[in-house]
Amino acid sequence: MSNVLSFTGTVGRDAEVRYLPSGQAVLNVSVANNIGFGDKQQTLWFTVVLWGKRAEGQLQNYLKKGQQVFVSGELTQREYQAKDGSTRTSLEVNANILDLVGPRNAEGARSEPQSQQRGRQNYQSSGAREPSYPQQDSGHDNFDAPYDDDIPF
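Bear in mind the structure is a predicted one, so any value in this text is a computation, not a measurement.

Colleague: Explain the pairing of strand β4 (residues 68-81) to me, and be specific about the residues and the numbers.
Modeller: In this structure, strand β1 (residues 5-19) lies alongside β4, joined through six bridges in antiparallel fashion. Following the sheet pairing, Thr10 is matched in β4 by Gln68. Bridge count for β4 against strand β5 (residues 87-101) is 14 bridges, and the pairing is antiparallel. If you follow Glu79 over to β5, its bridge partner there is Thr89.

Have a look at this one:
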């Protein structure tokens, strides 16, 4: 039997990486997914978990609040005791796939390290233009040109 959940959602809180006493890395990130529409729309919150080598590295730096992500993995349900003593339920996804979707921050611009931003600003202010590529007159399709054909579906 297979238990796989795939969805797109929005990061609700910056990702955290912790280490177990065994030394294994664990990345946790909270992701919201809206289901339904109109008055019946609901938001489901998932805790997405990555383990081991996939939890280490630079991914934590990109999983910031507002980032859209695609998640695919095994869905689990965990019960825990809240501070008030009540029993709560949490939906967790042990992710096999966690991909960034769309812009890397809420402003819609891709965030870059400062050194790359400075280099890009210098490049733009120097009056240099992007290189132009010769047009291809071969029988091959130009996939960069707009597609202007009536599609029946």
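We are not done yet, so read on.
Colleague: I'd love a proper account of the nonpolar core, names of residues and values included.
Modeller: Within the largest apolar cluster, 18 residues are counted, with the highest numbers of intra-cluster contacts made by Phe7, Leu27, Val29, Val48, Leu63, Val69 and Val71. Listed by contribution, the elements that provide at least two residues to this core are β1, β2 (25-35), β3 (42-51), β4 and β5. In contact with Leu27, not counting residues within four places along its chain, are Ala15, Glu16, Val17, Val48, Val49, Leu50, Ala55, Gln60 and Leu63.

Colleague: Which residues make up the sheet that holds β5, and what values do they have?
Modeller: Ordered in space as β1-β2-β3-β5-β4, the five strands form a closed barrel in which the pairing is mixed. Across this sheet, the average inter-strand angle for adjacent strands is 40°, counted without regard to direction.

Colleague: Which residues make up the pairing of β5, and what are the values?
Modeller: The pairing of β3 with β5 spans three bridges and is parallel. When the sheet's bridge partners are listed, Thr47 is paired in β5 with Glu92. Between β4 and β5, which follow one another and run antiparallel, lie five residues, and Gly85 among them has a positive phi close to 95°.

Colleague: Could you give an account of the side chain of Ser90, naming the residues involved and the relevant values?
Modeller: Along the chain, the position of Ser90 falls in strand β5. The class of Ser90 is buried, set by a relative accessible area of 11%. Non-local contacts of Ser90, meaning those with residues more than four positions away in its chain, are made with Thr47, Thr76, Gln77, Arg78 and Tyr80.

Colleague: Which residues make up the side chain of Asn33, and what values do they have?
Modeller: Within the secondary structure, Asn33 is located in strand β2. A distance of 2.6 Å separates a polar atom in the side chain of Asn33 from the backbone oxygen of Thr8. Beyond its immediate chain neighbours, meaning those up to four positions away, Asn33 contacts Phe7, Thr8, Gln42, Thr43, Leu44 and Phe46.

Colleague: Describe the pattern of salt bridges, listing the residues and the values that go with them.
Modeller: Scanning the entire structure with this criterion turns up two salt bridges. We note a salt bridge from Arg78 to Glu92, for which the minimum N-O separation is 2.7 Å. Taken as a pair, Arg78 in strand β4 and Glu92 in strand β5 lie far apart in primary sequence, 14 residues in all. By relative accessible area, which is 37% here, Arg78 ends up partly exposed. Under the relative-accessibility criterion, Glu92 is labelled buried at 14%.

Conventions adopted
- Residues numbered from 1 in each chain as written.
- Predicted model: local features only at pLDDT ≥ 70, side-chain atom pairs only at ≥ 80, totals over all residues.
- Heavy atoms only, no water.
- Pairing = 2+ DSSP bridges.
- Helix = DSSP H or I, 4+ residues; strand = E, 2+ residues; numbered from the N terminus.
- Core = buried A, V, L, I, M, F, W, Y, C linked by side-chain atoms within 4.5 Å.
- Buried < 20%, exposed > 50% of the residue type's maximum accessible area, 1.4 Å probe, protein only.
- Contact = heavy atoms within 4.5 Å.
- Axes fitted to C-alpha atoms, helices over the stretch in contact; angles between N-to-C directions.
- Polar contact = N/O pair within 3.5 Å; in protein donor to acceptor, adjacent residues only side chain to side chain.
- Salt bridge = Lys/Arg side-chain N within 4 Å of Asp/Glu carboxyl O.

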